[in-house]
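For reference, the chains in residue letters:
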2 protein chains.
Amino acid sequence: MASDYSSTPVKVDSINPKVLECEYAVRGEIVILAQKLQEELKNNPGAHPFDEILYCNIGNPQSLGQKPITFFREVLALCDHPAILDKSETKGLFSADSIKRALQILKQIPGRATGAYSHSQGIKGLRDAICAGIEGRDGFPSDPNDIFLTDGASPAVHMMMQLLIRSKNDGILCPIPQYPLYSASIALHGGTLVPYFLDEATGWGLEISELKKQLESAKSKGVNVRALVVINPGNPTGQVLAEDNQKQIVDFCKKEGLVLLADEVYQENIYVPDKKFHSFKKIARSMGYGEKEISLVSFQSVSKGYYGECGKRGGYMEITGFSPEIREQIYKVASVNLCSNISGQILASLVMNPPKVGDESYESYSAEKDAILSSLARRAKSLEEALNGLEGVTCNRAEGAMYLFPRIRLPNKAIEAAKAVNTAPDAFYARRLLNATGIVVVPGSGFGQVPGTWHFRCTILPQEDRIPAIISRLTEFHKGFMDEFRD
Amino acid sequence: MASDYSSTPVKVDSINPKVLECEYAVRGEIVILAQKLQEELKNNPGAHPFDEILYCNIGNPQSLGQKPITFFREVLALCDHPAILDKSETKGLFSADSIKRALQILKQIPGRATGAYSHSQGIKGLRDAICAGIEGRDGFPSDPNDIFLTDGASPAVHMMMQLLIRSKNDGILCPIPQYPLYSASIALHGGTLVPYFLDEATGWGLEISELKKQLESAKSKGVNVRALVVINPGNPTGQVLAEDNQKQIVDFCKKEGLVLLADEVYQENIYVPDKKFHSFKKIARSMGYGEKEISLVSFQSVSKGYYGECGKRGGYMEITGFSPEIREQIYKVASVNLCSNISGQILASLVMNPPKVGDESYESYSAEKDAILSSLARRAKSLEEALNGLEGVTCNRAEGAMYLFPRIRLPNKAIEAAKAVNTAPDAFYARRLLNATGIVVVPGSGFGQVPGTWHFRCTILPQEDRIPAIISRLTEFHKGFMDEFRD
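Since the structure is predicted, the reported quantities are computational estimates derived from the model, not experimental observations. (Residues numbered from 1 in each chain as written. Chains lettered and ligands numbered in written order. Predicted model: local features only at pLDDT ≥ 70, side-chain atom pairs only at ≥ 80, totals over all residues. Heavy atoms only, no water.)

Novice: Sorry, what's going on with the overall build of chain A here?
Specialist: Looking only at helices and strands, chain A has 17 helices and 14 strands in total. For chain A, whose C-alpha radius of gyration is 23 Å, the value lies close to the compact-globule estimate of 23 Å for 487 residues. Overall, the C-alpha framework of chain A stretches about 70 × 65 × 60 Å when taken along its three principal axes. Within the span of chain A, comprising 487 residues, buried residues form 64% of the whole. Within chain A, counting contacts between residues at least 6 apart in sequence, those at least 24 apart form 73% of the total. Working note: accessible area of chain A is about 17000 Å², and carbon and sulfur atoms make up 53% of it. When the 54 basic and 57 acidic side-chain charges of chain A are each reduced to a single mean position, those positions are 2 Å apart. (Helix = DSSP H or I, 4+ residues; strand = E, 2+ residues; numbered from the N terminus. Rg over C-alpha atoms; globule rule 2.2 N^0.38 Å. Buried < 20%, exposed > 50% of the residue type's maximum accessible area, 1.4 Å probe, protein only. Contact = heavy atoms within 4.5 Å. Areas by Shrake-Rupley, 256 points an atom, 1.4 Å probe, with all protein chains shown as cover. Lys, Arg positive; Asp, Glu negative; His and termini not counted. Charge placed at Lys NZ, Arg CZ, Asp CG, Glu CD.)

Novice: Please clarify how the nonpolar core should be interpreted in this entry.
Specialist: Grouped together as the largest cluster of nonpolar side chains are 338 residues, with contacts concentrated most on Leu 228 of chain A together with Leu 228 of chain B. Discounting residues that sit within four places of it in the chain, Leu 228 of chain B has contacts with Leu 173, Tyr 196, Leu 211, Ile 249, Phe 252, Cys 253, Leu 258, Val 259, Leu 260 and Leu 261 of chain B. (Core = buried A, V, L, I, M, F, W, Y, C linked by side-chain atoms within 4.5 Å.)

Novice: Which parts of the structure should I look at to understand the relation of the copies chain B and chain A?
Specialist: The relation between the two copies of this chain is a rotation about an axis and a shift parallel to it. Superposing chain B onto chain A takes a rotation of 180° plus a shift of 0.0 Å along the axis, which leaves an RMSD of 0.0 Å. Both copies are brought into coincidence by an operation consistent with a two-fold rotation axis. Looking at the rotation axis and the C-alpha trace of chain B, the residue lying nearest is Ala 77 of chain B, at 2.1 Å. (Least-squares fit on C-alpha atoms with pLDDT ≥ 70 in both.)

Novice: Explanation requested: the interface of chain B and chain A in the structure shown.
Specialist: One widely used convention gives an interface's size as the accessible area the parts lose upon coming together. Listed by partner, the interface residues are 104 residues for chain B and 104 residues for chain A. Approximately 8400 Å² of surface area, both sides summed, lies buried where chain B meets chain A, with 58% of it carried by carbon and sulfur atoms. Considering only the surface of chain B that becomes buried against chain A, Tyr 5, Tyr 117 and Lys 292 of chain B emerge as the three largest contributors, covering 10% of it. Linking chain B with chain A are two salt bridges. Among the ionic pairs, Asp 80 of chain A bridges to Lys 312 of chain B, the shortest N-O distance being 2.4 Å. Counting across the interface, chain B meets chain A through 44 residue pairs in polar contact (both at pLDDT 80 or more). The set of elements that each furnish at least two residues to the side of chain B that touches chain A consists of helix 1 (17–21), helix 2 (29–43), helix 3 (70–80), helix 4 (88–93), helix 7 (154–164), helix 8 (180–188), helix 12 (324–336) and helix 13 (342–351) of chain B. Taken together, the residues that form the side of chain B that touches chain A break down as 44 nonpolar, 36 polar and 24 charged. (Buried area = accessible area lost by both parts, 1.4 Å probe. Salt bridge = Lys/Arg side-chain N within 4 Å of Asp/Glu carboxyl O. Polar contact = N/O pair within 3.5 Å; in protein donor to acceptor, adjacent residues only side chain to side chain. Nonpolar A, V, L, I, M, F, W, Y, C, P; charged D, E, K, R; others polar.)

Novice: Please explain helix 14 (residues 362–388) of chain B as it appears in this structure.
Specialist: Given 3.6 residues per helical turn, the α-helix brings residues three or four places apart onto the same face. Residues and elements named next belong to chain B. Its 27 residues give helix 14 an end-to-end C-alpha distance of 39 Å, which sits within 8% of 39 Å, the value for a rise of 1.5 Å per residue. Residues Tyr 365, Ser 366, Ile 372, Leu 373, Ser 375, Leu 376, Arg 379, Ala 380, Leu 383, Glu 384, Ala 386 and Leu 387 constitute the buried set of helix 14. The elements touched by buried residues of helix 14 are helix 3, strand 9 (393–394), strand 10 (403–404), strand 14 (456–459) and helix 17 (467–485). (Expected span 1.5 Å × (residues − 1).)

Novice: Hey, could you run me through the sheet that holds strand 14 of chain B in this one?
Specialist: Two modes of strand pairing occur in sheets, parallel and antiparallel, and in both the strands are linked by backbone hydrogen bonds. Residue and element names in this part refer to chain B. The three strands are arranged 10-14-13 in an open sheet whose pairing can be described as antiparallel. Lying at the two open borders of the sheet, with one neighbouring strand each, are strand 10 and strand 13 (442–443). Taken together, the two bridges between strand 13 and strand 14 define a ladder with antiparallel strand orientation. If you follow Pro 443 over to strand 14, its bridge partner there is Phe 456. (Pairing = 2+ DSSP bridges.)

Novice: Can you walk me through the sheet that holds strand 3 (residues 170–176) of chain A in this structure?
Specialist: Residues and elements named next belong to chain A. Here seven strands make up an open sheet; going across it, the order is 2-8-7-6-5-3-4 and the pairing mixed. Two strands close off the open sheet at either side, each with one partner strand: strand 2 (147–150) and strand 4 (192–197). Pairs of neighbouring strands in the sheet enclose a mean axial angle of 20°, with direction left out of account. When strand 7 (residues 296–301) meets strand 8 (residues 315–320), the two strands line up antiparallel, connected through six bridges. Each bridged residue has a counterpart across the sheet, and for Val 297 the counterpart in strand 8 is Ile 319. (Axes fitted to C-alpha atoms, helices over the stretch in contact; angles between N-to-C directions.)

Novice: It is not clear to me how the packing of aromatic side chains should be interpreted in this structure. Could you clarify?
Specialist: Two aromatic rings, taken as a pair, are described by how far apart their centres are and by the angle between their planes. All names here are of chain A. Considering all chains together, one arrives at 36 aromatic pairs over all chains under this definition. Centroid distance Tyr 362 to Tyr 365: 6.3 Å. Interplanar angle 50°. Geometry classified as tilted. Placement of both Tyr 362 and Tyr 365 in helix 14 (residues 362–388) is noted, with a separation of three residues, approximately one turn of the helix. With relative accessibility at 3%, the residue Tyr 365 sits in the buried group. Feature note: the residues Phe 71, Phe 72, Tyr 306, Tyr 307, Tyr 362 and Tyr 365 constitute an aromatic cluster, connected by ring pairs. (Phe/Tyr/Trp six-rings, centres within 6.5 Å; stacked < 30°, edge-to-face > 60°.)

Novice: Explain the packing of helix 2 of chain B against helix 16 (residues 425–437) of chain B here, please?
Specialist: Two quantities define a packed helix pair, namely the angle between the axes and the distance from one axis to the other. All names here are of chain B. Contact pair helix 2 / helix 16: the axes reach a minimum separation of 10 Å and the direction vectors enclose 15°. Taken together, the axes of helix 2 and helix 16 lie roughly parallel to each other. As for how helix 2 packs across helix 16, the hand of that crossing is right-handed. Along the contact surface, helix 2 presents Glu 29, Ile 30, Leu 33, Ala 34 and Leu 37, while helix 16 presents Ala 427, Ala 430, Arg 431, Leu 434 and Asn 435. Residue composition of the contact of helix 2 with helix 16, grouped by class: seven nonpolar, one polar and two charged. (Parallel < 35°, antiparallel > 145°, perpendicular 65-115°, else oblique. Left-handed = near helix turned anticlockwise from the far one by under 90°.)

Novice: For this particular structure, what's the right way to read the pairing of strand 4 of chain A?
Specialist: Where a strand is regular, its side chains alternate between the two sheet faces. Residues and elements named next belong to chain A. A one-sided burial pattern is seen for strand 4, the buried positions being Thr 192, Val 194 and Tyr 196 and the unburied ones Leu 193, Pro 195 and Phe 197. Here strand 3 runs beside strand 4; their pairing, made up of six bridges, is parallel. Within the sheet, the bridge partner assigned to Ile 176 lies in strand 4 and is Phe 197. Once you follow strand 3 into helix 8 (residues 180–188) and on to strand 4, the crossover reads as right-handed. (Right-handed = clockwise from strand over helix to strand, strands pointing away.)

Treat this as a map of the structure, not an account of what it does.
Structural data, given as structure tokens:
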């Protein structure tokens, strides 16, 4: 038997170079190191100067102890096992409105078959419910034929990139910093990421002049820019766009003939009283742009919000302003994968139509939701203040989403030390932080940043009673780090 | 407001041509027509000469009335709503071993968080369970690091195509007829499908001489063939490969330096006593080929088998014979989409580890399973005999999978009539069949066939009590069709 893989046919230099090029730091090398440390702690609890790994690298609330919304889980369980719906014990275990909702949902599914492939866009009745939710949110009509249910938002983003990108000459305008799904998807589909920089000094402001500058620069290099990605609320930056700014963005896309790809997965995560979420579709419609005048895709997910149901892989995109011929192509690609998972579809319909005043579950649902959101707001505030208290660190407030993205002014000695081990300075910092405290953050280089600046992304998701310990561990580490490397 | 989409930026001639090129007949135009007829029947029950649409186009058992396996759904419901696990009513509603299994599974998930993203390959404990199932099936070891859980088998197939295909010069050997996921995925990734023809005359035999011939022919055209796709049991053909044939295939891949992509999603669907399923990994290992000597990917799904849980989108691939560097690339691509849905992951672990003798649910589970499989075998036989009784139709037996793929010798007049409406003759036949009977089948041209021959794929999935009516409707239609077009 061969002692190595030299006789197998697939070699690193013979695979798709787009795969090699793609990067995804949110689950990159720092996380792989964290998993290794966790394994070591399990086998030898005294192996490290901390007793657990705190995953602040990813927006994965339930992994850190957030409880699912009871009503949603009741409905999912009943839809998974409809045989219990008419048993007397069920009334003792499940709320009356969860039973009613499960029955309503099952009625939408031919033969109540939650184990059947659905329409490739998702079960029609669930799309109707989602549209009702969108209409309630926006005050403008929404068409179930525009909804494509997907396994989380990621596959929807890939579908749009696959549709729009023909070659390296096709470009997609993306914010920097950005959520690396976008850079990864653009790389996998062989396109060009055209960066536009958010302005850290104005709370990660999105300036139209910057969009114009970068668009012109890309054009001058022969890049055909197809679409603009906007993440609102921002990931990793946490900013919430002002309405006027959104209007300018819509006009920019209209004028420049760009598809507006609106990542709106954090639409429920707003933590400051002076900001409010407005969907880009609502903005466009309120400006008088109709279906045939602007091409707009809105991505939504069950993984974020107050629900945080990442493991369910539910989500949808609402596509408007595409001709029937193009929609047919999108449908065809969706149909190759048959459909998204039905539990995720059901959950997407639930988060867009939660219990209403008067429903049996309304009070407990509201209490669960408010507790999560108000706690997230407090956590964001505490962490932001703590970060701003560190030497050389500044941090914009998290107006929304689930992250802080502090800037760290690293001493030259630290930058040199990072260079010596062939690592980006922010990755060097993140690795040191992990080894010292068990806290996992993602280096800013994974999201993109103004060259010469260094950041990291840290979620606000550890349970509230853990925040003081995280702050003290982080503070102590940072002090030690600066003491070691201060110029 | 513009009356058309001329002012929107995305046009058919400006999208990715690979998307345009891709085809997926299983949900193609015949199915879209069927959905239209169904809508018409709903609004006007007398609109057509039938009262319902019978979807025989797709392996979607629960859409046609197959009931899910109770034990599996019990476990899923409990994992969805673990809060009920310690309630007294639960014991009255759920079997004792489903409660035990749910607890075991939840123990594998940090914090019992079924709503959290998991490891990008899937929850480790579930991969352990899947490996135990594979070991029990094959008698050879299986490593949880080799398992990648996916949302059904389709995304796993896409991942491998994405890894292997660099350009149109990269080829993938695919059976003809084939399941069109393969042609669609190869088209989307910009590669070349290198066809090898299954021999209808020998029960869809897979001849090594044909593989060699097509490989040489592709090479002579400058195509670099990377992998061989084998679907066993066959889709759409239903054949089950003999062990000796599998050994030849393994040797062929070894000798030619090809990755063997083994679609084994129908491994539980075998209907004839003289055939048995053997995984390609078992075959390769039994021939003495170890991990580092042959590159092999096995695809499995929760959508098929006796469980037929299509809507749950669970599945996995087991990859062996890839170097750590390549596995790292596969992991990276998996991580961009974070993870597959947890319910699907749980279900994949259940189908690979169903109740065992002595478990409370074993008897009811076995009864449900045996009833489904024996009924499918009877349905396959009845439909096969009926098809062979039709003028000009021959049909190989369905040894396995969920389909029959009869050959229809169409009269020249029918072929001319099809030409006149710019349609493939088998699509013409399928459309006529649908309009006359409500039965939806997929034209052979969607799967590929020897030029000049015509087929259709028909599932064996309608409930058994409907089979006689289907046979009589089909027989009557076929007679009328032949009367109309007989030369």
